[in-house]
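Residue-level listing of the chains:
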Amino acid sequence: VTATVPEDPAPDAHLAALRGARCVVTGGLGFIGSNLVHALHAAGAHVAVVDALVPRHGGHRRNLEGLPTVEAGATPNGSVGPDDAVELTIAELDDVAAVTPVVDGADVIFNLAGQVSHLDSMTDPVRDLDLNARTHLGFLELVRRTRPEARIVHTSTRQVYGRPRYLPIDEAHPTEPVDVNGIAKLAGEQLHLLYGRVHDLPVCALRLTNVYGPRQRLLGDAQGFLPIFVRRALQGEPITVYGEGEQLRDCLHVDDVVAALVAAAVVPDVVGEICNLGHPEPASLGRIAALVVAAVADAGGPVGAVVSVPWPAERARIDVGSTTCDSSKAKRLLGWEPSIDLATGLHRTVAFYREHGWYLSST
Ligand SMILES: NC(=O)c1ccc[n+]([C@@H]2O[C@H](COP(=O)([O-])OP(=O)(O)OC[C@H]3O[C@@H](n4cnc5c(N)ncnc54)[C@H](O)[C@@H]3O)[C@@H](O)[C@H]2O)c1
């Protein structure tokens, strides 16, 4: 499954290259994973999901609503379902008995399973290391034995850089994470790169900035700021920003992330590489909050407000200050650039949640 970077980058061409390919998506019931599954399925790929449905994470079966699915082991005689059904395996990544048959025959593995909460990583650090690193090592071993030729795309995070020494952050910036999540994600990422170098697995890693869009878990306050902002605005509650809300963030709509993941699965030159995925137009947290409020009001929802509150100690301890990513390497290697500006992306996001209200009430 290979394609060259088109002169005029066309995400559809990369997706088309995966038609008929067997694509495994770990974390495929979660936010980014489920959006990827929808895109791959629409493009005619055979999709198999591995997800442990970790409690309080973003995984939910309803994220695949609208797609035919078949659960591994659902019937005594093996799974049956329509030919284009998405196969579901509810298991931890390193469950050899459950996951080996899924990986067997895979052309591409999108390894998105992970825990995203920085706060949770500080209250339950061993669990974070387990979900973001140890199970990934078990998974890499399983892939090495079963399907070493499968292309692997790992989702890492810009959190691995820690507090920026300069902006925008490029891939040469030192990695000095400020929380357990950053350390565990860095370990998971580096294990992938190591298996590429030592065992010749065709791997690459993408370091994502803050992502927003449809199918993100909105409930709870332990995750990143974007789903909290969106939920509060949709529920007519004021959005709280810490301090003056001046820290810069570059936010990516999930469709842009999906386009990069797909490109990373088919473009040859990215093998063995790490690429940042950021947005060239950063905004302050206060401005982002105001844009969320405006998007909800424009859609006929409540007219909300943004209020400043003092920094909670547990957040201040692990805050990285202003941060923005330089994505020129992704542009060079993948032909990728984000195409969705924040205001447009937030309007699309709000429209989705107004249509799918269960994200505001379901657990
Ligand atoms: N959302 C963001 O802003 C963001 C930013 C940077 C990086 N990332 C990375 O992108 C990936 C996807 O994030 P998301 O926002 O979709 O999170 P999510 O919580 O919505 O989805 C993650 C999914 O992975 C599953 N999972 C976690 N650990 C597992 C394991 N060991 N075995 C099997 N399943 C497991 C969970 O059940 C969940 O469904 C993660 O690796 C995350 O670190 C996300």
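Residues numbered from 1 in each chain as written. Predicted model: local features only at pLDDT ≥ 70, side-chain atom pairs only at ≥ 80, totals over all residues. Heavy atoms only, no water.

A word on the overall build of the chain
Each helix and strand counted, the chain has 12 helices and 14 strands in total. Relative to its length of 363 residues, the chain is compact, with a C-alpha radius of gyration of 19 Å against a globular reference of 21 Å. Principal-axis analysis of the C-alpha atoms places the extent of the chain at approximately 55 × 45 × 40 Å. Scored against the burial criterion, the 363 residues of the chain give a buried share of 54%. Residue pairs at least 24 apart in sequence account for 79% of intrachain contacts in the chain once pairs closer than 6 positions are excluded. Accessible surface, the chain: about 14700 Å² in total, of which carbon and sulfur atoms supply 53%. In the chain, which carries 30 positive and 43 negative side-chain charges, the distance between the mean positions of the two groups comes to 3 Å. (Helix = DSSP H or I, 4+ residues; strand = E, 2+ residues; numbered from the N terminus. Rg over C-alpha atoms; globule rule 2.2 N^0.38 Å. Buried < 20%, exposed > 50% of the residue type's maximum accessible area, 1.4 Å probe, protein only. Contact = heavy atoms within 4.5 Å. Areas by Shrake-Rupley, 256 points an atom, 1.4 Å probe, with all protein chains shown as cover. Lys, Arg positive; Asp, Glu negative; His and termini not counted. Charge placed at Lys NZ, Arg CZ, Asp CG, Glu CD.)

A closer look at the nonpolar core
Leu18, Leu40, Phe110 and Leu206 are the most contacted members of the largest nonpolar core, which has 48 residues in total. It is helix α8 (residues 254–266) that provides the largest number of residues to this core, a total of 11 residues. Beyond its immediate stretch of four places on either side in the chain, Phe110 contacts Leu18, Cys23, Val24, Val25, Thr26, Leu36, Leu40, Val153, Leu261, Val262 and Ala265. Leu226, Ile340, Phe352 and Tyr359 belong to the second-largest nonpolar core, a separate cluster that totals 28 residues. (Core = buried A, V, L, I, M, F, W, Y, C linked by side-chain atoms within 4.5 Å.)

Comments concerning helix α3 (residues 96–103)
Working note: α-helix, 3.6 residues per turn, so residues spaced by three or four point in the same direction. The set of residues buried in α3 consists of Val99, Val102 and Val103. Seen from one end, α3 has its buried residues packed into an arc of 90°, which puts them on one side. Opposite the buried face of α3, at more than 90 degrees from it, the exposed residues are Ala97 and Pro101. Buried residues in α3 make contact with β1 (22–26), β2 (46–51), β4 (86–90), β5 (108–111) and α5 (125–146). Positioned one or two residues after α3, Gly105 has a phi angle of 85°, which is positive. (Arc of directions from axis to C-beta.)

A closer look at the packing of aromatic side chains
Scanning the model with the defined rule gives 6 aromatic pairs in all. Relative to Tyr359, the ring of Tyr353 has its centre 5.4 Å away and its plane inclined at 75°; by these criteria the two rings are edge-to-face. Exposure class is identical for Tyr353 and Tyr359. Each is buried. Taken together, Phe352, Tyr353, Trp358 and Tyr359 form an aromatic cluster joined through their ring pairs. (Phe/Tyr/Trp six-rings, centres within 6.5 Å; stacked < 30°, edge-to-face > 60°.)

Considering the confidence of the model for the chain
Confidence along the chain averages 93 in pLDDT terms, with 94% of residues attaining 70 or more. Scored below 50 in pLDDT, residues 4–9 shows 7 contacts in the model against residues more than four places distant or in partner chains. (pLDDT = per-residue confidence, 0-100.)

With respect to the site of the ligand
Contacts to the ligand come from 29 residues, most closely from Phe31, Ile32, Asp51, Gly58 and Lys185. Glu92 has a polar side-chain atom sitting 3.5 Å from a nitrogen atom of the ligand. Thr135 places a polar side-chain atom, nitrogen or oxygen, 3.2 Å from a nitrogen atom of the ligand. Protein contact buries 94% of the 830 Å² of open area that the ligand shows by itself. Residues belonging to the shell around the ligand are distributed by class as follows: 14 nonpolar, 12 polar and 3 charged. (Near = heavy atom within 4 Å. Polar contact = N/O pair within 3.5 Å; in protein donor to acceptor, adjacent residues only side chain to side chain. Nonpolar A, V, L, I, M, F, W, Y, C, P; charged D, E, K, R; others polar.)

A look at the pairing of β5
Residues Val108 and Phe110 of β5 are buried on one face, and the alternating residues Ile109 and Asn111, pointing to the opposite face, are buried as well. Where β1 meets β5, 4 bridges bridge the pair, whose relative direction is parallel. Of the residues in β5, the one forming a bridge with Val25 is Phe110. As judged from the 4 bridges shared by β5 and strand β6 (residues 151–157), these two strands associate in the parallel manner. (Pairing = 2+ DSSP bridges.)

So, the environment of Thr135
Mapped onto the secondary structure, Thr135 falls in helix α5. Sequence separation between Thr135 and Asp95 is 40 residues, and the spatial gap between their C-alpha atoms is 8.6 Å. Those residues within four positions of Thr135 in sequence are excluded, and the remaining contacts are Glu92, Leu93, Asp94 and Asp130. Within the structure, Thr135 has its side chain in polar contact with the backbone oxygen of Asp130 (distance 2.9 Å). One polar contact links the side chain of Thr135 to the main-chain carbonyl oxygen of Leu131, over a distance of 3.2 Å.

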